[in-house]
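# Coordinates in review
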Amino acid sequence: MKKILICTALVLAMTSCAFGAAFKIGGTGPLTGGAAIYGNAAKNGAEIAVEEINAMGGDVQFELRYEDDTHDAEKAVNAYNALKDWGMQVSLGSVTSKPCEATAAENFADRIFALTPSASSAAVTEGKDNVFQMCFVDPNQGSASAQYIADKKFAKKVAVIWKNDDVYSKGIRDTFVEKAPELGLEVVSETTFADGNDNDFSVQLTDAQNKGAELVFLPMYYQPASLILAQAQAMGYAPKWFGVDGMDGILTMEGFEKSLAEGVMLLTPFNADASDEKTKSFVAKYQAKHGEIPNQFAADGYDCVYAYKEALELAKATPDMSAEDICTKMIEQFTTMTFNGVTGENVKWAANGEVTKDPKGMVIKDGAYVGLD
Amino acid sequence: MTMRRLINLKRVEARRIYLTYGVVILAYIICQTMSSTKMLSSSMRGMLVPICAYMVMAVSLNLVVGISGELSLGHAGFMSVGAFSGVASAILMQSVIPFEPVRLALAMIIAAVFAAIAGFLIGIPVLRLKGDYLAIVTLAFGEIIKSILNNFYMGVDSGGVHFSMLTDTTRLLKGGRLIIRGPMGISGIQKISTFPAGFILVMISLMVVFNLVNSRSGRAFMAIRDDRIAAESIGLDITKYKMMAFVTSAALAGAAGALFAMNYSTIVANKFDFNTSILILVFVVLGGQGNMLGGIIAAAVLTILPEKLRQFSDYRMLLYAIILIVMMLATNNAEIKYFLSRLNPFKRREEAE
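These figures come from a predicted structure and were not determined experimentally.

The rules behind these values
- Residues numbered from 1 in each chain as written.
- Chains lettered and ligands numbered in written order.
- Predicted model: local features only at pLDDT ≥ 70, side-chain atom pairs only at ≥ 80, totals over all residues.
- Helix = DSSP H or I, 4+ residues; strand = E, 2+ residues; numbered from the N terminus.
- Rg over C-alpha atoms; globule rule 2.2 N^0.38 Å.
- Buried ≥ 20, exposed ≤ 12 C-beta atoms within 10 Å, placed from the backbone.
- Contact = placed C-beta atoms within 7 Å.
- pLDDT = per-residue confidence, 0-100.
- Pairing = 2+ DSSP bridges.
- Axes fitted to C-alpha atoms, helices over the stretch in contact; angles between N-to-C directions.
- Domains from an automatic or database assignment.
- Nonpolar A, V, L, I, M, F, W, Y, C, P; charged D, E, K, R; others polar.
- Expected span 1.5 Å × (residues − 1).
- Left-handed = near helix turned anticlockwise from the far one by under 90°.
- Parallel < 35°, antiparallel > 145°, perpendicular 65-115°, else oblique.
- Core = buried A, V, L, I, M, F, W, Y, C linked by C-beta atoms within 7 Å.

## What to know about the overall build of chain A
Looking only at helices and strands, chain A has 11 helices and 15 strands in total. For 373 residues, the compact-globule estimate of 2.2 N^0.38 gives 21 Å, and chain A sits close to it at 22 Å. Its C-alpha atoms give chain A principal-axis dimensions of about 70 × 45 × 40 Å. In chain A, buried positions account for 53% of the 373 residues. When contacts within chain A are restricted to residue pairs at least 6 apart in sequence, those whose partners lie at least 24 apart make up 67%.

In structure tokens form, the structure reads like this:
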């Protein structure tokens, strides 16, 4: 009993200290359940950023709280309301897309500013002036990939294999195909697959091979991509492979022969092997604390908190301001400021909340991700 | 008619019905006053509408499980049919009927109709079975509904409404809107569900269920539940009465689904999975089979409980499970029941009667 009393006293003392002059920043994410890997990564990343900022002791201090939403819109709104009761002043939205759509509507109605680390669907920001994204919106990845392939002159003739019952895949493919001709890329083969017939890709690969595609673009998650790579090798087809952030994770997939992915290029905003100081220190801290290499979600969470720090400093906001006042200032700052973080340099936001940043190209070399640049 | 029927009821039964209405109305008045005077936390305020939806779900499932005695494990399926048809119709009516309460009411009616049709179609094969077999088949149908909605596309443009299955082949004209987007569900829903609307729906479902239970048909339900062979021997049409209970229950669940969905800006079919069906069954079992008030209270308590346990973070769902087990044991313990009944003046008189 005594121990509990002491503990509670300590906890109370700590919270009251932090309460002094800190912005209350809250987010929801799946901390338990099937999608917990994403929620915990974003939360851990954000925690590290908050610890760093509070340790530096500048004008802007944070108090972070993450609530579990189990990747469910209903629970996400409940979690959001719990954060509101706690006194959240700025929000990290939700980690996954669908729950974030639900909480973003609440953010908009309550005038609490939100910057989501990783909810990438376009519906999250649609029609809401105070909801911003740290990650690329799905369709943007398509045009960014086309741009990157053209800039680096990887190929002239390109094949696209995409999943036509998946919004993520469809969104990326649509903009890629639209943008490619403008940049002098020729899409010679375009084939699809769907849930249920995603085991045999020989038709798609033969088509790409016959039409002489030098590069195959794979806007999809890593499970079907791994099969495509294996089957292409079996039929002796060796084009260049190019993927998007859904491909991140292929190396850690169970039962996947890493040598198959050798030379696969992918475009993701975060590269844990980057040699800049910021990334190095973040990766080292994350590894020391959680025993694993941070993924893109963790980096997005980390960047969100730093973006807030910068915006709040620029706006000269103080923790005693109401969420609504901060919201107005944040909209002003986020649409004008330029941010440098671990997921990109010269990060800018459009008024509709979408982010523009230079994606980082990565290539798989000797079973590890290595930066292309 | 209603009044006469209630007057003719046994005093005990009438008292139970009035007590249920009374508790619901009182709870509504308290919550509404607290909500308008800002005494209610946002967390609680946000849960008012879903709680109403879950209450209706509990009441409707109670009709099947408690009154007609069939274990149904696919009730969330009807909720999702209602949710999707209700939201889709609300979106289509958006420009025609700008007045939100009317649109909400119409959407709920349409949702109830669609869910009733689904209930009828599913009822045809399902109600030929009994006991465990019926339970398993309803479970399967719940999953089938989820699967269908996960592969269903519906869009609207100047040319009218278009449907497609498996892949989106609606080919909408410019300015068209894809309303139901397969696994992505529906986005950008206008939040028109309100607590008063939820309260009215709870009251309507209670009236429907109480009237049905205390009618000739209701007595037939219970006769069939208690002894199927005896009921058949006196000429009761078993399939007809079972179907009546099943379809009514599905319709109410559909309306609840529409209410629930329009409280959020987005809805996906995967929300209404097996877990949700079980959750509703838990409300019914914890509240007592056939006991409407119990089911209603259980729905409220079990929706609020996980939110109140947030302070325990990672141990939240563990505690929830433990509390659930304790509650189940306690509500089934004869001594505790006796103790509670001593506290209840109505019950005590009941015993004396």
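And the narrative resumes.
## Re the overall build of chain B
Of the regular secondary structure elements, chain B holds 15 helices and three strands. Over its C-alpha atoms chain B spans a radius of gyration of 21 Å, differing by no more than 12% from the 20 Å that the globule rule assigns to 353 residues. Taking the principal axes of its C-alpha atoms as reference, chain B extends roughly 75 × 55 × 45 Å. Per-residue burial for chain B yields a buried fraction of 42% across its 353 residues.

## Looking at the confidence of the model for chain A
Residues and elements named next belong to chain A. For chain A, mean pLDDT is 84; residues scoring 70 or higher make up 92% of the total. By mean pLDDT, the top-scoring element of chain A is strand β8 (residues 215–218) (92), and the lowest-scoring one is helix α1 (residues 2–19) (46). Predicted confidence for residues 5–19 stays below pLDDT 50, and this span has one contact to residues more than four positions away or in other chains.

## Quick notes on the sheet that holds strand β5 (residues 131–133) of chain A
Residues and elements named next belong to chain A. Strand order across the open sheet formed by five strands is β2-β1-β3-β4-β5, with parallel pairing between neighbours. Of all strands in the sheet, those with a lone pairing partner are β2 (62–68) and β5, marking the two edges. Put simply, the sheet's adjacent strands are angled 20 degrees from each other on average, direction ignored. In this sheet, strand β3 (residues 90–94) lies alongside strand β1 (residues 23–29) in parallel orientation, the contact comprising three bridges. Each residue of the ladder has a partner; that of I25, found in β3, is V90.

## Topic: the pairing of strand β1 (residues 152–157) of chain B
All names here are of chain B. Pairing between β1 and strand β2 (residues 160–165): six bridges, direction antiparallel. Residue pairing across strands places D157 opposite G160, the latter belonging to β2. Following β1, the chain reverses through two residues before pairing antiparallel with β2.

## Focus: the domain arrangement of chain A
All names here are of chain A. Each assigned domain of chain A is listed with its residue range as follows: domain 1 (2–136 + 276–358) and domain 2 (139–268). Domain 1 and domain 2 are separated by 32 Å when their C-alpha centres are compared. In this complex, domain 1 contributes six residues to the contact, which on the side of domain 2 involves eight residues. Per-class residue counts for the side of domain 1 that touches domain 2 are two nonpolar, three polar and one charged.

## Things to note about the domain arrangement of chain B
Domain annotation for chain B reports domain 1 (48–296) and domain 2 (309–353). A separation of 29 Å is found between the C-alpha centroids of domain 1 of chain B and domain 2 of chain B.

## Overview of helix α2 (residues 36–56) of chain A
Residue and element names in this part refer to chain A. For α2, spanning 21 residues, the distance from its first C-alpha to its last is 30 Å, which sits close to the expected 30 Å at 1.5 Å a residue. Listed as buried for α2 are Y38, G39, N40, A41, A42, K43, N44, G45, A46, I48, A49 and V50. Taken together, the buried residues of α2 touch β1, β2, β3, α9 (277–290) and α10 (296–315).

## What about the packing of helix α5 (residues 100–126) of chain B against helix α6 (residues 131–150) of chain B?
The packing of two helices is summarised by the inter-axis angle and the distance between the axes. Residues and elements named next belong to chain B. Running from amino to carboxyl end, α5 crosses α6 at an angle of 140 degrees, the nearest separation of the two axes being 11 Å. You can see that α5 and α6 cross each other, and the crossing is right-handed. Seen from α5, the contacting residues are A118, I122 and V126; seen from α6, they are L134, V137, T138, F141 and I145. Residues of the contact of α5 with α6, tallied by class, amount to seven nonpolar, one polar and no charged.

## A word on the interface of chain B and chain A
Quite often, the size of an interface is put as the accessible area lost when its parts meet. Contacts between chain B and chain A engage 21 residues on the former and 21 residues on the latter. Here the side of chain B that touches chain A takes five residues from helix α3 (residues 42–67) of chain B, the largest share from any one element.

## Quick word on the sheet that holds strand β3 (residues 177–181) of chain B
Residue and element names in this part refer to chain B. Strand order in the open sheet formed by three strands is β2-β1-β3, and the pairing between neighbours is antiparallel. The open sheet has two edge strands, β2 and β3, and neither has a second partner. Pairs of neighbouring strands in the sheet enclose a mean axial angle of 20 degrees, with direction left out of account.

## Let's talk about the packing of α10 of chain A against helix α11 (residues 323–336) of chain A
All names here are of chain A. At a minimum axis distance of 9 Å, the contact between α10 and α11 shows a crossing angle of 110 degrees. One element, α10, and the other, α11, form an angle in the roughly perpendicular class. When α10 is examined against α11, the residues A311, L314 and A315 are found in contact with a partner set consisting of K329, M330, E332, Q333 and F334. Class assignment for the residues of the contact of α10 with α11 results in five nonpolar, one polar and two charged.

## Things to note about the nonpolar core
All names here are of chain B. A58, V87 and L259 are the most contacted members of the largest nonpolar core, which totals 210 residues. Sorting elements by how many residues they give to this core places α3 first, with 17 residues. When sequence neighbours within four positions are dropped, the list of residues in contact with L259 reads V49, C52, A53, M108, S193, A197, G198 and L201.

## Describing the environment of K211 of chain A
All names here are of chain A. Residue placement: K211 occurs in the loop between α7 (202–210) and β8. When the C-alpha atoms of K211 and A307 are compared, they prove to be 46 Å apart, with 96 residues separating the residues in sequence. Discounting residues that sit within four places of it in the chain, K211 has contacts with A159, V188 and S189.

## Quick look at the environment of S95 of chain B
Residue and element names in this part refer to chain B. Mapped onto the elements, S95 comes out in the loop between α4 (75–93) and α5. C-beta crowding within 10 Å serves as the criterion here: with 7 such atoms nearby, S95 is assigned to the exposed category. Residues S95 and G159, spaced 64 residues apart in sequence, show a C-alpha to C-alpha distance of 16 Å.

## A short note on the environment of I17 of chain B
Residue and element names in this part refer to chain B. Within the secondary structure, I17 is located in helix α2 (residues 11–36). Take I17: there are 20 C-beta atoms within 10 Å of it, and that puts it in the buried class. Taking C-alpha positions, I17 is 9.2 Å from M207, a pair spaced 190 residues apart along the chain.

## Thoughts on unusual backbone geometry
Residue and element names in this part refer to chain A. Located in the positive-phi region is T70, a residue other than glycine, with phi close to 45 degrees. Along the chain, the position of T70 falls in the loop between β2 and α3 (73–86). One non-glycine residue, H71, lies in positive phi territory at about 55 degrees.

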